[in-house]
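So the chains spell out like this:
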Amino acid sequence: MTRRGRRLVLIGMALGVLGLAAALALSALRESIVFFVTPSELAAKPAEPGKRLRIGGLVEEGSVARDGIDNRFAVTDGAKSLKVTYRGVLPDLFREKQGVVAEGILDASGTFRADTVLAKHDENYMPREVVDGLKKQGVWQGQGSK
Amino acid sequence: MIPELAHFALVLACALALVRTVVALWGAARDDDALMAVAEPVALVECLFVALAFAGLVTLYVSSDFSVTNVFVNSHSAMALVYKVTGVWGNHEGSMLLWVLVLALCSALVALFGANLPPRLRARVLGVEGAIAAAFLLFILATSNPFLRLDPPPAEGQDLNPILQDIGLAIHPPLLYLGYVGCSVSFAFAVAALIEGKIDAAWARWVRPWTLGAWIFLTLGIAMGSYWAYYELGWGGFWFWDPVENASLMPWLATTALLHSALVMEKRDALKVWTVLLAILAFSLSLLGTFLVRSGVLTSVHTFANDPARGVFILAIFSVFVGGAFVLFALRAPALKPGGLFAPISREGALVLNNLLLTAACATMLTGTLYPLALEALTGEKISVGAPFFDRTVGPLLLCTIAVMPIGPLLSWKRGDLKGAAERLAFAAAIAAVVAGLALYLLRGGPLIAAIGLLIALYAIAGSLTEFADRIGLFRAPLADVSARLRGLPRAAFGVLFAHLGIAVSLLGIVSEVGWSEEKIISLKVGDRAEIAGYDIALAGVSQRDGPNYRELVGRMEVRRAGVVVAVLEPAKRLYEARNQPTTEAAIETFGFGQLYASLGEPGGDSIVARFYWKPLVTLIWLGAVLMAFGGALSLSDRRLRIGAPRRARSAMPVPAE
């Protein structure tokens, strides 16, 4: 095979692999990205039921109720609050008035059914999306990050 | 006194690093031996000063000197001694100091063992390393000084973040840093070679041990971090595709690619430009990882409280070094002569394919990690790119990589025989298909992707063994010949075998965990039973216990199989009093290669929520990583890397590059 031919084969191989990677990435991006919304945004523009979402805010004071492995709580950004249900074990740092991010779907009754609930490793740390959401509502207090 | 002295030592180290950079690079540019000779002793003394500063911080932690802010915020007098020591790097300032210490150690090693490098290359490598060290020392001194005093000194510390009070975390960051910073040596070699405008097979031979060393530590560090998250966070997952985890996997992919391309360069003098680029990329990705972790621009479960000013500083360091290296690359790379030719079907060709797949996987990961940032900056929309994205992109690409892995070693250099290789692998593929089929039959099916992964993992194991058996003539030559060949084989050949087996074994563990794990979440009262994967678990009692700096609620669970008690699990819910922070302590029992995993949730009334997992073959994930690292270590100990190469290289030195 000539030098040119060899180079063409290599370039073809590179393009093939890149094409595969790009195709995988584009198809996955279309189907697996999840949008982050705050309770206020959700109230202003309700999402279609069944679409995966990420929500975040503070766990509303006095809203947490546990029944065995079923948990109910509300997430608030100061202006609006959203009811959330979650079946499973809540993370260690899940507390009232603490920042939380949940992923799941909105059901027809307007309750958010979470399948993942994230609170952070560090009690001083607040998810950035939650900070921005709270700032937008003007209820942000303190610098949040040390 | 200690904090002040240690701080002063850091300032001196920073000044020395600057001296080293300027004098060494200037000396190399003027070809002045006296100036270049300054670099080595300076690197050693600088390392000594950084070590002194680090020892100072350790002393402060061990003696619980709360007059130092950093100790006050991250330590407690009641903590066990081992956590007082590991607390040193369980926080931002201390971990940056560790980073710099490892960097200084690497430079000192280059200075000590670099006698066989050409003097100009050595001076430039030490100069570039010095610049990196100076930048990070400045960063510490300007934004993250661990030795700041607190007046008046408090009586008691605020305690180390409880989830960091764990032996896994004691080992994980130092290993990872050895890996990250090890990449800086390959980077320094690449930049030095670009300044020099000359690069040859000897260069690859010097870079390979450093890359290999960095790769071994990255492998172990990532595996350790994964195991730590698995048992400490109590969710039973081994990988979350979290940005911070991705930040450690990307340099690993890049160094894996670099190892393979440096091999082509060493043996065949080809792929020079690409290898230099990879060396730059690997360290750039390490720096990016540091930036992502330290600046908090990405939301990650691993992000701790942080300070935006630091992010800006690290971003500046990142831009200067990465930007500078790429500009240099753009200017000099065209001048580097292309090397040996090879047919597409050859071992070189296979290694190119390996490199393409690994870098494609790395690029996809980078895209997924940075895409949310870019989208938010451009449109203000907040999205998260999580596990589903990475599973569907990086997953298939890495599966492809592992699938072609056994073919490479079976092809010869320059021009290979694909048909012959396929014939030799057919047997391995057949065995894999039979075993996978049998396993699927016994397991009564499973998810498609897990079945494919299982097949590939088994085939890669069989394929790697086939290649090895082929080399020693097993089943073909008489037994005496086989054992003679086995003894004559270089250690690097065993290294390849173990590393390739390791990745396949890890894949087997991953596939089994993903495809056939069982999970049960249940609310239990004392005396209640739960059943999972044939194990019968009874909650025998719940009790309160006191630790040195925590209280814990312990559930005592008896595990029975066929009526016989086979294990007692004691998962706990701990409360660390100083921070009033709860943690979950999972209880794990290993049966064969599988694990039974139990963790507790919140107690409510007279019952408690418990979470059980059965994870078949899960330990293979980490054992595979250990195998890989072992293979790397074997390869590193190969005589050819230690002795033969430099000697040959020196005789080749006076000859200008072709």
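The residue count restarts for each chain, going from 1 along the sequence in the order it is written. All chains are assigned letters beginning at A, and all ligands numbers beginning at 1, according to the order in which they are written. pLDDT decides what is reported in this predicted model: residues at 70 or higher carry local features, side-chain atom pairs at 80 or more are listed and counted, and totals for whole chains, interfaces and linings draw on all residues regardless.

## Re the overall build of chain B
No. 1: Counting its secondary structure elements, chain B contains 20 helices and 11 strands.
No. 2: Radius of gyration: C-alpha atoms only; globule rule: 2.2 Å multiplied by the number of residues to the exponent 0.38. Against the compact-globule benchmark of 26 Å for 658 residues, chain B has a radius of gyration of 26 Å, which places it among compact chains.
No. 3: With the principal axes as the frame, chain B shows a C-alpha extent of 80 × 75 × 60 Å.
No. 4: Put plainly, a residue is buried at 20 or more neighbouring C-beta atoms within 10 Å of its own, exposed at 12 or fewer, and partly exposed in between, counting only other residues' C-beta atoms, which are placed from the backbone. Expressed as a percentage of the 658 residues in chain B, the buried residues total 55%.
No. 5: In this description, a residue-residue contact is defined by the distance between C-beta atoms placed from the backbone, which must lie within 7 Å. Long-range contacts, defined here as pairs at least 24 residues apart, represent 74% of the contacts in chain B between residues at least 6 apart. Strands here are runs of E lasting at least two residues and helices are runs of H or I lasting at least four, both read from the DSSP assignment and numbered beginning at the N terminus.

## Here we look at the sheet that holds strand S9 (residues 587-591) of chain B
Residue and element names in this part refer to chain B.
No. 1: The criterion for strand pairing is that DSSP finds at least two bridges linking the strands in question. What the four strands build is an open sheet, ordered S2-S11-S10-S9; its pairing is antiparallel. Two strands bound the open sheet, and with one partner strand each, they are strand S2 (518-525) and S9. Neighbour to neighbour, the strand axes of the sheet diverge by 20° on average, direction disregarded.
No. 2: When S2 meets strand S11 (residues 607-615), the two strands line up antiparallel, connected through eight bridges. Directly across from Lys520, in S11, lies its bridge partner Phe612. Orientation is described by axes fitted as lines to C-alpha atoms, over the contacting stretch for helices, and by angles from 0 to 180 degrees between their N-to-C directions.

## Some remarks on the domain arrangement of chain B
Residues and elements named next belong to chain B.
No. 1: Assigned domains within chain B: domain 1 (1-161) and domain 2 (519-615).
No. 2: Domain start and stop positions are those given by an automatic or database domain assignment. Spacing between the C-alpha centres of domain 1 and domain 2 amounts to 43 Å.
No. 3: Taken together, the contact between domain 1 and domain 2 spans six residues of the former and five residues of the latter.
No. 4: Under the grouping applied here, Gly and all other residues not named as nonpolar or charged are polar, the nonpolar ones being Ala, Val, Leu, Ile, Met, Phe, Trp, Tyr, Cys and Pro and the charged ones Asp, Glu, Lys and Arg. Here the side of domain 1 that touches domain 2 is composed, by residue class, of three nonpolar, two polar and one charged.

## Considering the environment of Glu156(B)
All names here are of chain B.
No. 1: Mapped onto the secondary structure, Glu156 falls in the loop between helix H7 (119-143) and helix H8 (167-196).
No. 2: A residue is classified by how many C-beta atoms lie within 10 Å of it, and Glu156, with 13 of them, is partly exposed.
No. 3: Considered as a pair, Glu156 and Gly437 are 281 residues apart in the sequence and their alpha carbons are 61 Å apart.

## As for the nonpolar core
The tendency in soluble globular proteins is for nonpolar side chains to be buried side by side.
No. 1: By size, the foremost hydrophobic cluster in this structure holds 195 residues, and its most contacted members are Val100(B), Phe136(B) and Phe189(B).
No. 2: Beyond its immediate chain neighbours, meaning those up to four positions away, Phe136(B) contacts Met96(B), Trp99(B), Val100(B) and Leu103(B).
No. 3: Buried Ala, Val, Leu, Ile, Met, Phe, Trp, Tyr and Cys residues whose C-beta atoms connect them within 7 Å together make up a nonpolar core. Core analysis: the second largest hydrophobic core is formed by 43 residues, Leu58(A), Leu569(B), Ile608(B) and Tyr613(B) among them.

## Focus on the packing of helix H15 (residues 418-442) of chain B against helix H16 (residues 448-471) of chain B
Geometrically, a packed helix pair is captured by the angle between its two axes and the distance between the axes.
All names here are of chain B.
No. 1: Between H15 and H16, the shortest axis-to-axis distance is 8 Å and the interhelical angle comes to 145°. Considering how the two elements wind past one another, H15 and H16 form a crossing that is right-handed. From H15, Arg424, Leu425, Phe427, Ala428, Ala429, Ile431, Ala432, Ala433, Val435, Ala436, Ala439 and Leu440 reach across to H16, where they touch Ala451, Leu454, Leu455, Leu458, Tyr459, Ala462, Gly463, Thr466 and Asp470.
No. 2: Grouping the constituent residues of the contact of H15 with H16 by class yields 17 nonpolar, two polar and two charged. Two helices cross in a left-handed way if the nearer one is turned anticlockwise from the farther one by less than a right angle. They cross in a right-handed way if the turn is clockwise.

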